[in-house]
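Chain by chain, the residues run as shown.
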Amino acid sequence: MAGDKIICHCKQVSYIDIRKAMINGARTLDEIKEMTGAATGCGRCSGEIEKILASVCGCKGTSLEDVVNAVKNGADTTDKVAELTGAGSGCGRCKALVENIIELKR
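What you are looking at is a predicted structure, and each value in this text was computed from that prediction instead of being measured. (Residues numbered from 1 in each chain as written. Predicted model: local features only at pLDDT ≥ 70, side-chain atom pairs only at ≥ 80, totals over all residues. Heavy atoms only, no water.)

**Student:** Sorry if this is basic, but what is going on with helix H4 (residues 64–72) here?
**Tutor:** Because the α-helix completes a turn every 3.6 residues, residues three or four places apart line up on one side. The set of residues buried in H4 consists of Leu 64, Val 67, Val 68, Ala 70 and Val 71. Angularly, the buried residues of H4 cover 160° about the axis, an arc narrow enough to put them on a single face. Those residues of H4 that are exposed and angled more than 90 degrees off the buried face are Glu 65 and Lys 72. Where H4 is buried, its residues touch helix H3 (46–54), strand E3 (55–57), strand E4 (62–63), helix H5 (78–85) and helix H6 (95–104). (Buried < 20%, exposed > 50% of the residue type's maximum accessible area, 1.4 Å probe, protein only. Helix = DSSP H or I, 4+ residues; strand = E, 2+ residues; numbered from the N terminus. Arc of directions from axis to C-beta. Contact = heavy atoms within 4.5 Å.)

Written out as structure tokens, the structure reads:
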């Protein structure tokens, strides 16, 4: 998803706001709601937020599940995660999220 598109119009929460919440540890819709206020109005954005939560790297099409599994299987650096999943080996915008996943192991 390119740019800073508004995802939650009720609360004016953007794609970047959601990604920043993920970098700060949000992994569920409830955690996104708590950190950003998104999906706490009409709730129509919930499905789009779930899609964002499921993805770590848009360049490589790498899912959160793939990165978490790589970390659980021993990938303890962004380079190792990139080798196994591709995440962080393209434009690099997802590296901060990958680092957080490594730190939290989730």
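Following the structure, the description resumes.
**Student:** Quick question: what am I supposed to make of the nonpolar core here?
**Tutor:** Most often, soluble globular proteins keep nonpolar side chains buried together rather than apart. Within the largest apolar cluster, 31 residues are counted, with the highest numbers of intra-cluster contacts made by Ile 32, Ile 49, Val 56, Val 81, Ala 87 and Ile 101. Elements that contribute at least two residues to this core include exactly strand E1 (6–8), helix H1 (15–23), helix H2 (29–36), H3, E3, H4 and H6. Top contributing element to this core by residue count: H4, with five residues. Among residues more than four places away in sequence, those in contact with Val 56 are Arg 19, Thr 62, Ser 63, Leu 64, Val 67, Ala 87, Cys 94, Leu 97, Val 98 and Ile 101. (Core = buried A, V, L, I, M, F, W, Y, C linked by side-chain atoms within 4.5 Å.)

**Student:** Help me understand the environment of Ala 21, please; the structure alone is not making it clear to me.
**Tutor:** By secondary structure assignment, the location of Ala 21 is in helix H1. The exposure class assigned to Ala 21 is buried, which follows from its relative accessible area of 5%. Along the sequence, Ala 21 and Glu 50 sit 29 residues apart, while their C-alpha atoms lie 13 Å from each other. Excluding its chain neighbours within four sequence positions, the residues that come into contact with Ala 21 are Ala 26, Ile 32, Met 35 and Thr 36.

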